[in-house]
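Structural characterization, general
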Amino acid sequence: MSTQTTTSTIPNTKNHFEVLDGLRGIAAIGVVVFHFSEWLFPDSSKNFIGHGFLAVDFFFCLSGFVISYAYDDRIQQMSLVQFFKLRLIRLHPLVVIGSLLGIIFWFLAPSAFDTSKYSITQIILLSVTSLLLIPMPTMADRLLNLFGLNAPSWSLFWEYIANILYATILHKLSVTALKILLFFATVFLTYTAYDKGTLTGGWGGTTFWDGLARLGYSFLIGILIQRKQWIIQNKIGFIGLSFMLLCMMMMPYVGKYWVSELLVVLFYSPLLVSLGAGTINYVSTQKIAKLSGEISYPLYMCHYWTNWFFAEYLAKTKPSTIDIVLVVILGTLALILFAYIIMKYVDKPIRKYLLQKYGR
């Protein structure tokens, strides 16, 4: 690797951290596989990627780092309205697209999900709340997901909360004040892990506040990594860090696993952000890291509708292990391609239009 041309990923201008962006894509792919495998391994301890949900904690930490990096030095010159417009333009088109996919395929897969039990009023209400990112954990047959039509939206709800808190309070706080908040966030996260026996919650009505515990610590430590420049210079690169990220999601369930999950969120996930911000971006992996970053958000927000077809496939055909492996691999690849199409031909054009019309 030492013979390859390299470029620094710690820029002097507001460039993207392409390795960190790329790691977000690897995490999103891990989430897709995790959601497929949940149908195969209801017992998470037997799931080969049973800790795939920890990708969300990595997302929260990375978000704190990126928001702080992008806005700390200019948010004082912006109005709250301007800040929220920019964040909505960046985030909400895919919230809407993911919700529309959930609505459409809810009706196209009636045997996998009985729509007849819902009235027109309920369907409209579910659709509107999903489109507006308002939690509505009322669908018992979808495990009381905060967003039954597109389950991954739960983390975007908390992402919005983080953006509101950053714009109104967090950007004004000193490093000392942030550290005090981080202490209380650590206590809250530790209590949540101990009380629930896991950190997998936050996505449903029965674990709603677990989401705040996961967001609070990870988002704050992400801000502090950027503010204090806790960035570790290294030569691991995109491939090595991707392997480290996958190891986190594939961590086995051993003993009191809430302890290992807590330690990962407290230390390992922030370490990945620190390493990702300080690593060398090798020329040989620049394009794949960039592409991985570009498809990460559309992949995360636009994949869950396939789960209901996968569940129906498992129930009706009783496939062999080889068939299941092939379907998961091909399904994941197809979703990556689908995410690329959504990114290039839907999300980017919409955001470009909105920025030109409303971004100033």
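Keep in mind that this is a model prediction, so the values were computed, not measured.

As for the overall build of the chain
- For the chain, the count of helices and strands is twelve helices and two strands.
- Counted from the first residue to the last, the chain has its helices and strands arranged as β-α-α-α-α-α-α-α-α-α-β-α-α-α.
- For 360 residues, the compact-globule formula gives about 21 Å, and the C-alpha radius of gyration of the chain, at 20 Å, lands near that figure.
- The buried share among the 360 residues of the chain stands at 53%.
- If you take every contact in the chain between residues at least 6 apart in sequence, the share linking residues at least 24 apart comes to 80%.
- Summed over its atoms, the accessible surface of the chain is roughly 16,800 Å², and 69% of this surface lies on carbon and sulfur atoms.
- With 27 positive and 17 negative side-chain charges, the chain shows a spacing of 10 Å between the two charge centroids.

Re the packing of aromatic side chains
- In the structure shown here, the tally under the stated rule is 25 aromatic pairs.
- Judged by centre distance (6.4 Å) and plane angle (90 degrees), the ring pair of F60 and W154 falls under edge-to-face. Taken as a pair, F60 in helix 2 (residues 54-71) and W154 in helix 5 (residues 153-168) lie far apart in primary sequence, 94 residues in all. W154 matches F60 in its accessibility class, with the two residues each being buried.
- Ring pairing ties together the aromatic residues Y71, F83, F84 and Y166, which thus form one cluster.

With respect to the side chain of N150
- Looking at the secondary structure, you find N150 in the loop between helix 4 (120-131) and helix 5.
- What makes N150 buried here is its relative accessible area of 2%.
- If we skip the residues at most four places from it in the chain, N150 touches G98, S99, M301 and Y304.

Description of helix 1 (residues 18-40)
- A rise of 1.5 Å per residue sets the reference length of helix 1, with its 23 residues, at 33 Å; its end C-alpha atoms lie 34 Å apart and thus fit the reference within 8%.
- When you tally the buried positions in helix 1, you get 17 out of 23 residues, the bulk of the element.

Topic: the pattern of salt bridges
- Here the structure, examined in full by the defined rule, presents nine salt bridges.
- The partner of K196 in a salt bridge is D210, and the shortest N-O contact between them spans 2.8 Å. Pair noted here: K196 is in helix 6 (residues 175-196) and D210 is in helix 7 (residues 208-227), with a separation of 14 residues, a long-range link.
- In this structure K196 comes out as partly exposed when scored by relative accessible area, which is 38%.
- Taken together, the shared-partner salt bridges connect K290, E294 and K348 into one network.

A look at a nonpolar patch on the surface
- Taken together, the side chains of I322, V325, L326, I329, L330 and L333 present a nonpolar region at the surface, about 580 Å² in accessible area.
- One can find L330 in helix 12 (residues 321-358).

Describing unusual backbone geometry
- Positive phi is not limited to glycine here, since L144 has a value of about 55 degrees.
- As for its position among the elements, L144 is in the loop between helix 4 and helix 5.
- By relative accessible area, L144 is classed as partly exposed at 27%.
- The phi dihedral of Q229 is positive, around 55 degrees, even though this residue is not glycine.
- Position of Q229 relative to the elements: it lies in the loop between helix 7 and helix 8 (237-249).
- On the basis of relative accessibility, which here comes to 43%, the residue Q229 falls in the partly exposed class.

Cut-offs used in this document
Every chain is numbered independently, its residues counted from 1 as its sequence is written. Local features are withheld for residues below a pLDDT of 70 in this predicted model, meaning they are given only at 70 or higher, and side-chain atom pairs are given and counted only at 80 or more; totals for whole chains, interfaces and linings count all residues. To obtain the side-chain values, all non-hydrogen atoms of the structure were included, while hydrogens and water were left out. Strands here mean DSSP runs of E at least two residues long; helices mean DSSP runs of H or I at least four residues long; both are numbered from the N terminus. Throughout, radius of gyration means the C-alpha value; the globule benchmark is 2.2 Å times the number of residues raised to the power 0.38. We call a residue buried when its accessible area falls under 20% of the maximum for its residue type, exposed when it is over 50%, and partly exposed in between, using a 1.4 Å probe and counting protein chains only. Any two residues whose heavy atoms approach within 4.5 Å are treated as being in contact. Each accessible area value is a Shrake-Rupley result obtained with a 1.4 Å probe; residue values ignore everything except the protein chains displayed when judging cover. This count recognises Lys and Arg as positive and Asp and Glu as negative, with His and chain-terminal groups excluded. Charged groups are reduced to one reference atom each: NZ for lysine, CZ for arginine, CG for aspartic acid, CD for glutamic acid. For this analysis, a ring pair means two rings from Phe, Tyr or Trp (six-membered ring only for Trp) whose centres lie within 6.5 Å, classed as stacked if their planes differ by under 30 degrees, edge-to-face if by over 60, and tilted for the remaining angles. Each residue after the first adds 1.5 Å to the expected span of a helix. Take a side-chain nitrogen of Lys or Arg and a carboxyl oxygen of Asp or Glu: if they are within 4 Å of each other, that pair is a salt bridge. A patch is a set of surface residues, each over 30% in relative accessible area and not in a salt bridge, joined within 9 Å for like charges and within 5 Å for the nonpolar side chains Val, Leu, Ile, Met, Phe, Trp and Tyr.

None of the figures reported here should be taken as evidence of function without further support.
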